[in-house]
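Tertiary structure, described
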Amino acid sequence: NNKPISEQIRDRIVLAGRRYHASDNISDFIKQGEKELLVAELQEKFQSVLESLVIDTAEDPNSYDTARRLAKMYIYELMAGRYEPAPQATSFPNEGSDRFEGMLVVRAEITSMCSHHHQPVKGVAYIGLIPTGRVIGLSKYVRIAQWCARRGQLQEDLVNQIAKEIMKATDTENVAVYIQATHGCMEHRGVEVHSSLTQTAVVHGLFHNDSVKAEFYNNVKMQRDVL
């Protein structure tokens, strides 16, 4: 196949009738070794961008190989959540007389990227859970949140994605997610404000109950006050 690897992957997605927005995971359509091919294709295109910016990548030692660094950063870091499958989150039974019937709140530091200007979004996701029959390891909440975040995202979509994936991994609707983050598109361009903070939240299941919701936000406040 003489098509660029990006076109081959896109053809598979279109044939399957699936979406490939910046916030979508497309790992099901990427074969082994193709991420490396994407990096090589991107390197050529980033090199063209640098040339159009009139940057001498041959004589400027700070710009030499920048195109490859950018390509690797997008595929393996900034947008890795698009190209990697979901983290394995083995669940464990939570049952019997010793079952945990309280609320679990996990803090996850996240880094994302604004879909509009490809500027960094950095913040914290607080994940609340009231388990039914299954729980997952604490680190898995963080891994899931980070996997969802490392894409081109809007914060409003991200909070929903994290909640959906946590519900799937724990087999319960009793999930709440609260995110607070700073946005590079607010700090580095446009209004250029450095005190702006964006907050989004979503609740499901028992968290719709006012007292349960209040307990969750009290836990969030306690965690924030510690830091």
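That block above? That's the structure.
On a predicted model such as this, the values are computed, not experimentally measured, just so you know.

Now for the sheet that holds strand S7 (residues 198–203). On the basis of which strands lie adjacent, the open sheet formed by five strands has the order S5-S2-S3-S6-S7 and mixed pairing. Because the sheet does not close on itself, it has two edges, and the strands there are strand S5 (152–153) and S7. Of the strand pairs in this sheet, strand S6 (residues 175–183) and S7 are connected by six bridges, and their pairing is antiparallel. Looking at the pairing, Ala176 lines up with Val203 of S7. On top of the sheet, helix H6 (residues 155–170) reaches strand S2 (104–114), strand S3 (120–129), S5, S6 and S7; it is set at about 145° to S6, its chief contact. Contacts between helix H8 (residues 210–226) and the sheet are confined to S2, S3, S6 and S7, with S6 contributing the most and set at about 40° to the helix.

In terms of nonpolar packing, the biggest core is built from 28 residues, with Ile162, Val177 and Ile179 touching the most fellow members. Of all the secondary structure elements, the ones that give two or more residues to this core are S2, S3, helix H5 (138–149), H6 and S6. Per-element tally for this core: the top contributor is H6, with seven residues. In this structure, Ile162 is in contact with Ala125, Ile127, Ala145, Cys148, Val177 and Ile179, ignoring residues within four places of it in sequence. Of all hydrophobic cores here, the second largest spans 18 residues; its members include Ile5, Val39, Ala67 and Ile75.

Conventions and cut-offs
Residues numbered from 1 in each chain as written. Predicted model: local features only at pLDDT ≥ 70, side-chain atom pairs only at ≥ 80, totals over all residues. Heavy atoms only, no water. Pairing = 2+ DSSP bridges. Helix = DSSP H or I, 4+ residues; strand = E, 2+ residues; numbered from the N terminus. Contact = heavy atoms within 4.5 Å. Axes fitted to C-alpha atoms, helices over the stretch in contact; angles between N-to-C directions. Core = buried A, V, L, I, M, F, W, Y, C linked by side-chain atoms within 4.5 Å. Buried < 20%, exposed > 50% of the residue type's maximum accessible area, 1.4 Å probe, protein only.

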